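In case you want the letters, here they are:
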Amino acid sequence: MEHIVTANGARIPALGFGTFRVSGPDTRRIVPAALKAGFRHIDTAQIYGNEAEVGEGIEASGVTRADIFLTTKVWVDKYGHDALIASVDESLKKLRTDYVDLLLLHWPAGAALAEPVAALNEVVRAGKVRHIGVSNFSTALMAEAASLSAAPLVTNQVEYHPYLDQSTLIAAARAAGMSVTAYYAMADGRVFDEPVLKEIATAHGRSVAQVVLRWVVQQDGLVALSKTVSEARVTENAAIFDFELTAGEMAAIHGLARPDGRIVSPSGLAPIWD
């Protein structure tokens, strides 16, 4: 399953396996299953509380660490210089690795960005992190973070699904050579009852989840995170590279976007969105 998005020097597998809200035991079980199904991009975060189980799952899978693109994120209470450096060391220990492929600032949280961005660059120089980026940043904050950073930012990980128009952010990321990583692609389950998506899925003999993931990765420079705790669903979600949506189908899915489509916008963490 070698489908790569290139962004500012990073080679990111276009389909990632996310572990948000996945319990420790489920993480330990499902990460090896995802790797067995062909996933080579695993996404976690300090705040998910499952980095240790992700590390155990990777180790148990037998897949070489060098063949896996591993992402984690720094939580907002660790944005001070020393706290960030210490938190990265802790993440590496839990993940049972001496480097992560991608480290993200998890939310802007109204923070002054100079200090955490400088610390991100420091862990890159130390060889603990290959690439850096942001998550849940607006176009303005993304540009600010990029301007403060010597190392290029390679992604902005944001909520993105058929009900949320992210064209402004995606265009800005592309212009900056960055990718956009889509989380919540299933809109917290809302997509499964969508007639437009059901019709497209039937036409291709696919599931709605496969259609949505395909719609994301078929857009230039986009990475999709898929999440499930079911082994059968893992295999299904991995199988999205042997069919293609038509231009009309892509447009029909884009047409589902609506002004109130955003689901995730926690007060105190979220920026002023585009």
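Remember, predicted model here, so these are calculated numbers, not experimental data. (Residues numbered from 1 in each chain as written. Predicted model: local features only at pLDDT ≥ 70, side-chain atom pairs only at ≥ 80, totals over all residues. Heavy atoms only, no water.)

## Describing the overall build of the protein chain
Line of reasoning, step 1. Secondary structure summary: the protein chain contains 10 helices and 10 strands in total.
Line of reasoning, step 2. Taking 19 Å as the expected radius of gyration for a compact globule of 274 residues, we find that the protein chain reaches 18 Å, a close match to that expectation.
Line of reasoning, step 3. Projected onto its principal axes, the C-alpha coordinates of the protein chain cover approximately 55 × 40 × 30 Å.
Line of reasoning, step 4. Taking all 274 residues of the protein chain together, the buried fraction comes to 55%. (Helix = DSSP H or I, 4+ residues; strand = E, 2+ residues; numbered from the N terminus. Rg over C-alpha atoms; globule rule 2.2 N^0.38 Å. Buried < 20%, exposed > 50% of the residue type's maximum accessible area, 1.4 Å probe, protein only.)

## Some words on the sheet that holds strand β7 (residues 129–135)
Line of reasoning, step 1. With respect to topology, 8 strands assemble into a closed barrel ordered β3-β4-β5-β6-β7-β8-β9-β10, the strand pairing being parallel. Strand-to-strand twist in this sheet, taken as the mean axis angle between neighbours without regard to direction, amounts to 30°.
Line of reasoning, step 2. Note that strand β3 (residues 15–18) and strand β10 (residues 222–226) share 3 bridges and pair parallel. Bridging across to β10, Gly 16 finds its partner in Leu 225.
Line of reasoning, step 3. Each of β3, β9 (179–183) and β10 touches helix α8 (residues 208–217); the most contacted strand, β10, lies at about 155° to it. (Pairing = 2+ DSSP bridges. Axes fitted to C-alpha atoms, helices over the stretch in contact; angles between N-to-C directions. Contact = heavy atoms within 4.5 Å.)

## Re the side chain of His 41
Line of reasoning, step 1. Assignment of secondary structure puts His 41 in strand β4 (residues 41–43).
Line of reasoning, step 2. With relative accessibility at 1%, the residue His 41 sits in the buried group.
Line of reasoning, step 3. Engagement of the side chain of His 41 in a polar contact is seen with the backbone oxygen of Pro 13, the distance being 3.0 Å. (Polar contact = N/O pair within 3.5 Å; in protein donor to acceptor, adjacent residues only side chain to side chain.)

## Focus: the pairing of β10
Line of reasoning, step 1. The buried fraction of β10 is high, at 5 of 5 residues.
Line of reasoning, step 2. With burial as the criterion, each face of β10 is covered, one bearing Leu 222, Ala 224 and Ser 226 and the other bearing Val 223 and Leu 225.
Line of reasoning, step 3. Note: β9 against β10, 3 bridges, orientation parallel. In the strand pairing of β10, Val 180 is matched with Leu 222.

## Details of the nonpolar core
Line of reasoning, step 1. Ile 42, Leu 103, Val 191, Leu 197 and Leu 245 are the most contacted members of the largest nonpolar core, which has 81 residues in total.
Line of reasoning, step 2. For this core, the element with the highest residue contribution is α8, accounting for 8 residues.
Line of reasoning, step 3. Apart from the residues within four sequence positions on either side, Val 191 is in contact with Pro 162, Tyr 163, Ala 185, Met 186, Leu 197, Val 208 and Val 212.
Line of reasoning, step 4. Tyr 183, Tyr 184, Leu 225 and Val 264 belong to the second-largest nonpolar core, a separate cluster that totals 7 residues. (Core = buried A, V, L, I, M, F, W, Y, C linked by side-chain atoms within 4.5 Å.)

## Some details on the pattern of salt bridges
Proximity of charged atoms lets side chains of opposite charge pair with each other.
Line of reasoning, step 1. Taken as a whole and assessed by the stated rule, the structure comprises 12 salt bridges.
Line of reasoning, step 2. Two residues, Asp 77 and Lys 78, come together in a salt bridge whose shortest N-O distance is 3.4 Å.
Line of reasoning, step 3. Linked by salt bridges that have partners in common, Asp 26, Arg 29 and Glu 231 make up one network. (Salt bridge = Lys/Arg side-chain N within 4 Å of Asp/Glu carboxyl O.)

## Focus: the packing of aromatic side chains
Line of reasoning, step 1. Evaluated as defined, the whole model comprises 6 aromatic pairs.
Line of reasoning, step 2. Stacked on the ring of Tyr 99, the Lys or Arg Arg 130 has its end atom at 3.9 Å from the ring centre.
Line of reasoning, step 3. Here Arg 258 stacks its cationic end above the ring of Tyr 163, 4.6 Å away from the centre of that ring. (Phe/Tyr/Trp six-rings, centres within 6.5 Å; stacked < 30°, edge-to-face > 60°. Lys NZ or Arg CZ within 6 Å of the ring centre and 35° of its normal.)

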